[in-house]
Amino acid sequence: SGPTTDDDNEACKQTSLSHNSVNDMRSSPTNEELASFAGELADAARGVILPYWRQPIDVESKMEDHRAIAESPVTIADQRAEEAMRAMIEGRYPGHGIYGEEHGQVRTDAEYVWVLDPIDGTKSFITGKPLFGTLIACLRDGEPVIGLIDQCVLDERWVGIVDVGTTLNGKPVTTSGCTQLSESMMYATTPHMFHEGEESTKFEQMCKTVKRPLYGADCYAYALVASGFGADLVVESDLGLYDYCALVPVVEGAGGVMTDWRGKRLTLGNHESSKGRVVACANSSLHREAIAILGETYVQTGSLAATILRRDILCSLAVGVGIGMMCSRKR
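Residues numbered from 1 in each chain as written. Predicted model: local features only at pLDDT ≥ 70, side-chain atom pairs only at ≥ 80, totals over all residues. Heavy atoms only, no water.

Enquirer: Tell me about the overall build of the protein chain, residues and numbers included.
Expert: Helix and strand counts for the protein chain come out as 11 helices and 17 strands. Taking all 331 residues of the protein chain together, 47% fall into the buried category. In the protein chain, the proportion of contacts linking residues at least 24 apart, taken out of those at least 6 apart, comes to 63%. On the protein chain, roughly 16,000 Å² of surface is accessible, and the fraction owed to carbon and sulfur atoms is 52%. (Helix = DSSP H or I, 4+ residues; strand = E, 2+ residues; numbered from the N terminus. Buried < 20%, exposed > 50% of the residue type's maximum accessible area, 1.4 Å probe, protein only. Contact = heavy atoms within 4.5 Å. Areas by Shrake-Rupley, 256 points an atom, 1.4 Å probe, with all protein chains shown as cover.)

Structure, rendered in structure tokens:
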């Protein structure tokens with residue numbers, strides 16, 4: 001071959017720039033691109049799940065002794081739907097992490113991490129109740145930025161994008177409803193998901209405070225809150241990361257508020273400290289009231305009777321003790 005010319009050098013430079021641009025696009029997709037890809041993942045999951053709907057299917061049991069409900073069902077539909085989505089992620093975004101319910105975790109320290117629950121509400125699925133959903137979230141630096149809830153039987157799909165909004169089948173939705181707990185409709189999947197002691201005591205207090213507690217909707221309840229269809233809040237505990245990450249952008253994109261029971265953001269980094277305890281509200285007023293109950297300091301007495309002490313009472317007690325000690329010293 002002949003000597004390298006200036007034209008050859010310029011061509012190499014342009015090729016290199018072109019390759020870098022492609023790599024940049026792959027490493028930093030826009031939120032809209034990520035949401036579009038989440039839709040592709042949901043389409044693939046639908047293709048796997050629907051043939052098993054209301055058909056005879058083997059059900060296995062997973063045992064997780066640390067959870068309030070230790071046994072949970074899993075089917076081949078769960079497993080194959082997640083496998084299909086994981087293969088697509090590896091093909092499109094091989095540098096992204098994946099955190100799935102059925103097949104574990106890879107590269108969870110990556111800038112982008114996909115969190116997958118192929119069938120949230122497997123008990124609903126195996127009993128023919130169309131309130132389960134496929135949950136797909138994309139996290140950036142541990143924060144949920146894209147969330148998708150797909151109910152394939154009813155052909156309903158909610159997509160939430162941070163700082164953009166939430167849609168139901170392509171049309172914008174927003175939360176609505178009351179601003180007082182005493183008038184609110186509250187959902188939880190089951191009252192049995194709360195551990196005895198702190199969780200069950202606080203949930204019982206919520207049930208006494210709201211107008212009506214309702215049960216049995218799994219992820220669908222959060223979609224109802226986001227859509228302003230009459231559900232005002234959801235309170236749950238004992239959730240895995242894959243159970244709630246996709247719900248956060250959907251609820252918040254619609255104008256709602258979703259945090260842990262302490263009012264902290266739900267992220268990959270604080271999952272352990274949040275303990276899977278979540279509250280999703282249609283508005284900030286409801287959220288403030290809910291956190292006043294769920295975020296209270298819990299004290300369990302020696303007789304095993306559970307009491308909840310308000311933070312302001314504890315502060316008053318502390319101030320009183322301090323003043324008492326100062327007075328004694330003066331004497």
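Following the structure, the description resumes.
Enquirer: Could you give me a rundown of the nonpolar core, with the residues and numbers involved?
Expert: Counting 57 residues, the largest nonpolar core has Val115, Met206, Tyr222, Val235, Tyr244 and Met258 as the members making the most contacts within it. Of the residues forming this core, the biggest block, 7 residues, is contributed by helix H6 (residues 220-227). For valine 115, the contacting residues outside a window of four places in its chain are Tyr99, Leu135, Ile136, Ala137, Leu139, Leu241, Tyr242 and Cys245. Among the nonpolar cores identified, the runner-up in size contains 30 residues, and Leu34, Ala35, Leu116 and Phe125 belong to it. (Core = buried A, V, L, I, M, F, W, Y, C linked by side-chain atoms within 4.5 Å.)

Enquirer: Kindly report on helix H3 (residues 76-92), identifying the contributing residues and their values.
Expert: A rise of 1.5 Å per residue sets the reference length of H3, with its 17 residues, at 24 Å; its end C-alpha atoms lie 24 Å apart and thus fit the reference within 8%. Residues Ala77, Asp78, Ala81, Glu82, Met85, Arg86 and Ile89 constitute the buried set of H3. For H3, the angular spread of the buried residues around the axis is 155°, confining them to a single face. Exposed side chains of H3 directed beyond 90 degrees from the buried face belong to Ala87 and Gly91. Where H3 begins, one side-chain oxygen reaches toward the backbone nitrogen of alanine 77, 3.1 Å away; that side chain belongs to threonine 75. (Expected span 1.5 Å × (residues − 1). Arc of directions from axis to C-beta. Polar contact = N/O pair within 3.5 Å; in protein donor to acceptor, adjacent residues only side chain to side chain.)

Enquirer: So what's going on with the environment of proline 94? Which residues, and what values?
Expert: With respect to the secondary-structure elements, proline 94 resides in the loop between H3 and strand E3 (97-100). When the C-alpha atoms of proline 94 and arginine 107 are compared, they prove to be 9.9 Å apart, with 13 residues separating the residues in sequence. Beyond its immediate stretch of four places on either side in the chain, proline 94 contacts Ile89 and Arg107.

Enquirer: Can you break down the packing of helix H2 (residues 31-49) against H3 residue by residue, with the values?
Expert: Where H2 contacts H3, the axes come no closer than 9 Å and their chain directions differ by 150°. Regarding H2 and H3, the two cross each other, and that crossing is right-handed. Contacts between H2 and H3 involve Phe37, Glu40, Leu41, Ala44, Ala45, Val48 and Ile49 on the former and, on the latter, Ala77, Arg80, Ala81, Ala84, Met85, Met88, Ile89 and Arg92. (Axes fitted to C-alpha atoms, helices over the stretch in contact; angles between N-to-C directions. Left-handed = near helix turned anticlockwise from the far one by under 90°.)

Enquirer: An account of the environment of asparagine 283 is requested, with residue identities and associated values reported.
Expert: Relative to the elements of secondary structure, asparagine 283 occurs in the loop between strand E15 (278-281) and helix H10 (284-294). Each C-alpha atom, one on asparagine 283 and one on aspartate 232, is 8.3 Å from the other, the two residues being 51 residues apart in sequence. Once residues lying within four places of it in the same chain are set aside, the contact partners of asparagine 283 are Gly177, Cys178, Thr179 and Val257. For asparagine 283, the side chain forms a polar contact with the main-chain nitrogen of leucine 286, separated by 2.9 Å.

Enquirer: Give me the lowdown on the confidence of the model for the protein chain, citing residues and values where you can.
Expert: Here the protein chain shows a mean pLDDT of 87. Residues at 70 or above account for 81%. Counted against residues more than four places away or in other chains, residues 15-25, with its pLDDT under 50, gives 0 contacts. Predicted confidence is poor over residues 302-319, with pLDDT under 50, and the contacts of this stretch with residues over four places away or in other chains come to 22 contacts. (pLDDT = per-residue confidence, 0-100.)

Enquirer: How would you summarise the pairing of E15 if you had to cite specific residues and measurements?
Expert: Taking every second residue as pointing to the same face, both faces of E15 are buried, with Val278 and Ala280 on one and Val279 and Cys281 on the other. Across 4 bridges, the pairing between strand E13 (residues 233-236) and E15 is antiparallel. If you follow valine 234 over to E15, its bridge partner there is alanine 280. In the sheet, strand E14 (residues 257-260) pairs with E15 via 4 bridges, with the strands oriented antiparallel. Across the sheet, valine 257 pairs through a bridge with cysteine 281, a residue of E15. (Pairing = 2+ DSSP bridges.)

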